Amino acid sequence: MIWNLPNILTVMRLFAAPGVAVMFLYFNRPWADWFALLLFSAAAITDFVDGYLARAWAQETKFGAMLDPIADKAMVVIALLVITGFSGMNPWILLPATIIIFREVFVSGLREFLGAKAGLLKVTKLAKWKTTVQMVAIAVLFASGMFEHSLVSHVAGMDAALVDQIFAGEIEDEFHIVRAYYGEYVTWHGGVALLWGAAILTLITGWDYFAKARPFLKEEDDDA
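Residues numbered from 1 in each chain as written. Predicted model: local features only at pLDDT ≥ 70, side-chain atom pairs only at ≥ 80, totals over all residues. Heavy atoms only, no water.

Further remarks concern the overall build of the protein chain. In terms of regular secondary structure, the protein chain is built from seven helices and zero strands. Walking the protein chain from its N terminus toward its C terminus, one meets helices and strands in the order α-α-α-α-α-α-α. Per-residue burial for the protein chain yields a buried fraction of 38% across its 224 residues. Working note: accessible area of the protein chain is about 12,700 Å², and carbon and sulfur atoms make up 69% of it. (Helix = DSSP H or I, 4+ residues; strand = E, 2+ residues; numbered from the N terminus. Buried < 20%, exposed > 50% of the residue type's maximum accessible area, 1.4 Å probe, protein only. Areas by Shrake-Rupley, 256 points an atom, 1.4 Å probe, with all protein chains shown as cover.)

What follows is the structure, given as structure tokens:
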């Protein structure tokens, strides 16, 4: 194992994956949402930086090639589990998250089955776009949770008529309730749209990998 900068960044991203969930164990919301967003965003950036540096500095290694997709999958799966949890198992989140997680498990199983032939399932440009959309969607949904919790905490105990007056501009919005509302609205709907987009790309790329593996599956069947 070579400890160059790209590999160090990959290892840091791997450890950051469970750290996203840990934020919600040790911090109250919305601080947990803030810290999870910052940690996830920083880790997502390293996903692009480590690959770029490895190629630019000719420091690509077998260890990095092995660990990079594992770190990516760990980040996405753990973050989706956290988001699904704090969204109250909302079906608009649960269904695309299930599709994404299922695809990751399915493709990993294909790679394991193919063994030495797994190199045929090379990461395509569309798969890279899928990963990018996933990362952005998750970051936006963490921001949505941050806005949502801030909004709920500030309007708790307020009379409905008072809230209406604040939104109408009749009373000064000291706690920035209107901004939190629109922030939550935009990030929620934007995050859900991005997550569904990622789920669609997940299905397309998953089928592409399966189609490439089918000849070897048939070959095994014929031999049997």
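A few words now on the packing of aromatic side chains. Scanning the entire structure with this criterion turns up 13 aromatic pairs. When the centroid spacing of 6.4 Å and the interplanar angle of 25 degrees are considered together, the rings of Phe24 and Phe142 count as stacked. Taken together, the residues Phe24 in helix 1 (residues 5–26) and Phe142 in helix 5 (residues 125–155) connect sequence positions 118 residues apart. A centroid spacing of 6.2 Å and a plane angle of 45 degrees characterise the contact between Phe86 and Phe142, whose relative ring orientation is tilted. Within this pair, whereas Phe86 is found in helix 3 (residues 62–86), its partner Phe142 is found in helix 5, the two being separated by 56 residues in sequence. A relative accessible area of 0% places Phe142 in the buried class. (Phe/Tyr/Trp six-rings, centres within 6.5 Å; stacked < 30°, edge-to-face > 60°.)

Another point: the confidence of the model for the protein chain. Confidence in the prediction for the protein chain averages 83 pLDDT; 92% of positions are at 70 or higher. Between residues 220–224, whose pLDDT stays under 50, and residues either more than four places distant or in other chains, the model counts one contact. (pLDDT = per-residue confidence, 0-100. Contact = heavy atoms within 4.5 Å.)

This part covers the side chain of Thr10. Within the secondary structure, Thr10 is located in helix 1. For Thr10, a relative accessible area of 4% translates into the label buried.

Now for the nonpolar core. Core analysis: the biggest nonpolar cluster contains 33 residues, and Phe40, Ile138 and Phe142 have the highest contact counts within it. Element by element, the count of residues in this core is highest for helix 5, at nine residues. Apart from the residues lying within four places of it in its own chain, the contact partners of Phe142 are Val20, Phe24, Asp33, Ala36, Leu37, Phe40, Ala79, Val82, Ile83 and Phe86. (Core = buried A, V, L, I, M, F, W, Y, C linked by side-chain atoms within 4.5 Å.)

Right, let's get into the environment of Gly169. Looking at the element boundaries, Gly169 is found in the loop between helix 6 (160–168) and helix 7 (177–223). By relative accessible area, Gly169 is classed as exposed at 60%. Considered as a pair, Gly169 and Phe27 are 142 residues apart in the sequence and their alpha carbons are 34 Å apart.

This brings us to a nonpolar patch on the surface. On the surface, Leu25, Tyr26, Phe27, Trp31, Trp34 and Leu38 cluster together into a nonpolar patch covering about 770 Å² of accessible area. Listing elements by their share of the nonpolar patch, those giving two or more residues are helix 1 and helix 2 (31–56). Residue placement: Leu38 occurs in helix 2. (Patch = residues over 30% accessible without salt bridge, like charges linked within 9 Å, V, L, I, M, F, W, Y side chains within 5 Å. Salt bridge = Lys/Arg side-chain N within 4 Å of Asp/Glu carboxyl O.)

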